[in-house]
Amino acid sequence: MSDIKILVATHKEFYRPENPLIFQVQVGSALADHHIEGILHDDEGENISKKNRSYCELTAQYWAWKNLDADYYGFFHYRRYMNFSKEKYLLDCWQNVCEEFLDKKSVKKYKIDDETMRREIEGYDLVITEEKDITKMPVNDRTVYDQYKNGNQLHVKDLDIMREVVKEKYPEYVDDMESYLKGKMTCLCNMYIMKKDLFQEYAAWLFDILGECEKRMDMSDYSIEALRTPGHLAERLLSIFYFHVKRTRNLKI
């Protein structure tokens, strides 16, 4: 039986599903005035917890990379979970399935139970959110690049810096990166479940790129939302990684 650990990023108290595969982790614990009792904290061991205002939920992913051992690593958010049922539900304009609350009723509806989740996860190398068409969203973006360029309080020069870093450090990813940025399909919300070896590779790749981007970006006068740029870039990098391994490797996805 595989050791599956799904980390749910949170910064406040909220409903905790009774599921042995799901572990809540308080992100930005090093910046908080108190630790939430009974859950994990991203400021223990080797960590980047103090970067939470810019790295967002990635501080939990970094913490897991450096401190947690599992056969599968997964990441959700306190307001976002994957649907593990076989049912297809009505989407909102941003391509999400919406519920008023996460509670026992919605956990049952979307089969967020360990038996169903284990059955849907084991045997796969990567489980990721569905590819979504940004041209079906209530904006006038035609490409993923446009979506970032027109994003609220974002600066496209940071995306261009990321492109240059990838070109310099990981040229084998360039074709997939450019095809993705010029295309209209993307995976949303920085959520995934990966087998250990793939996750270790992805995390090393991701944080190497973001670390170099940080050195080249000037965020000194950025708004609170713009300070989240590393998190926004990571959402695009996850899609680039996904499209690359999907094209170049024989993985079960």
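Every chain begins its residue count from 1, and numbering advances along the sequence as written. Where local features are concerned, this predicted model is filtered to residues with pLDDT of at least 70; where side-chain atom pairs are given and counted, the filter is 80 or more; whole-chain, interface and lining totals use all residues. Note that the side-chain values use all heavy atoms of the structure and ignore hydrogens as well as water.

**Concerning the packing of aromatic side chains**
Stacked, tilted and edge-to-face pairs are distinguished by plane angle, under 30 degrees for stacked and over 60 for edge-to-face with tilted covering the rest, among Phe, Tyr and Trp rings (Trp via its six-membered ring) whose centres lie within 6.5 Å. One pass over the structure, following the stated rule, counts 22 aromatic pairs. Taking the centre distance of 5.0 Å and the plane angle of 75° together, the rings of Y89 and Y110 count as edge-to-face. Here the residue Y89 occupies a position in the loop between β4 (72-77) and α3 (104-109), and Y110 occupies one in the loop between α3 and α4 (114-121), the gap between them amounting to 21 residues. Between Y173 and F241, the aromatic rings sit 6.3 Å apart at their centres with planes inclined by 15°, giving stacked as the arrangement. Taken together, the positions of Y173 in the loop between α6 (156-169) and α7 (174-182) and F241 in helix α9 (residues 229-248) put the pair 68 residues apart, joining distant regions of the chain. Think of it this way: any DSSP run of H or I at least four residues long counts as a helix, any run of E at least two long counts as a strand, and we number them from the N terminus.

**Notes on empty space enclosed by the protein**
The distinction between a cavity and a pocket rests on a 1 Å grid over the protein atoms alone: a 1.4 Å probe fits inside a cavity but cannot get out, while a pocket stays open yet meets protein on both sides within 12 Å along at least five of seven lines, and a residue with an atom within 4 Å of a point counts as lining. Grid points are joined across faces, edges and corners, and a volume is the space filled by probe spheres set on the points. Applying the stated criterion across every chain, the model contains one cavity of 30 Å³ or more. Computed from the structure, the largest cavity encloses a volume of approximately 30 Å³. Surrounding the largest cavity, L7, A9, E57, A60, Q61, F75, F76, H77 and N190 form its lining. When residues of the lining of the largest cavity are traced back to their parent elements, those giving at least two are β1 (4-10), α2 (58-67) and β4. When residues of the lining of the largest cavity are assigned to their parent elements, the largest contribution, three residues, is made by β4. Broken down by class, the residue content of the lining of the largest cavity amounts to five nonpolar, three polar and one charged. Each residue gets one label: Ala, Val, Leu, Ile, Met, Phe, Trp, Tyr, Cys and Pro are nonpolar, Asp, Glu, Lys and Arg are charged, and the others, such as Gly, are polar.

**Topic: the pairing of strand β2 (residues 22-26)**
With a 1.4 Å probe rolled over the protein chains alone, any residue whose accessible area is under 20% of its type maximum counts as buried; one over 50% counts as exposed, and the rest are partly exposed. Counting buried residues along β2, four of its five residues qualify, which places the element largely inside the surrounding structure. Relative to strand β3 (residues 40-41), β2 is paired through two bridges, and the arrangement is parallel. Directly across from V25, in β3, lies its bridge partner L40. Paired strands are those between which DSSP finds at least two bridges.

**Some thoughts on the sheet that holds β3**
Note on sheets: strands pair through backbone hydrogen bonds, and any given pair is parallel or antiparallel. Read across the open sheet, the six strands follow the order β3-β2-β1-β4-β8-β5; overall the sheet is mixed. Where the open sheet ends on each side, the last strands, each with one partner, are β3 and β5 (126-128). Residue contacts are defined here by distance: any two heavy atoms, one from each residue, within 4.5 Å place the two residues in contact. Between N-to-C directions, angles span 0 to 180 degrees; the directions come from axes that are lines fitted to C-alpha atoms, helices contributing only their stretch in contact. Most of the contacts of helix α8 (residues 196-216) go to strand β8 (residues 192-195), to which it runs at about 115°, and overall it touches β4, β5 and β8.

**Examining the packing of α6 against α8**
In contact at an axis separation of 9 Å, α6 and α8 are set at 125° when each is read in the N-to-C sense. With respect to α8, the axis of α6 lies oblique. Considering how the two elements wind past one another, α6 and α8 form a crossing that is right-handed. On α8, the residues touching I161, M162, E164, V165, V166, E168 and K169 of α6 are D208, I209, E212, C213 and R216. Classifying every residue of the contact of α6 with α8 gives six nonpolar, no polar and six charged. If an angle is under 35 degrees, it is roughly parallel; if it is over 145, roughly antiparallel; if it lies from 65 to 115, roughly perpendicular; otherwise it is oblique. By definition, any crossing whose near helix is turned counterclockwise from its far helix by less than a right angle is left-handed, and any crossing with a clockwise turn is right-handed.

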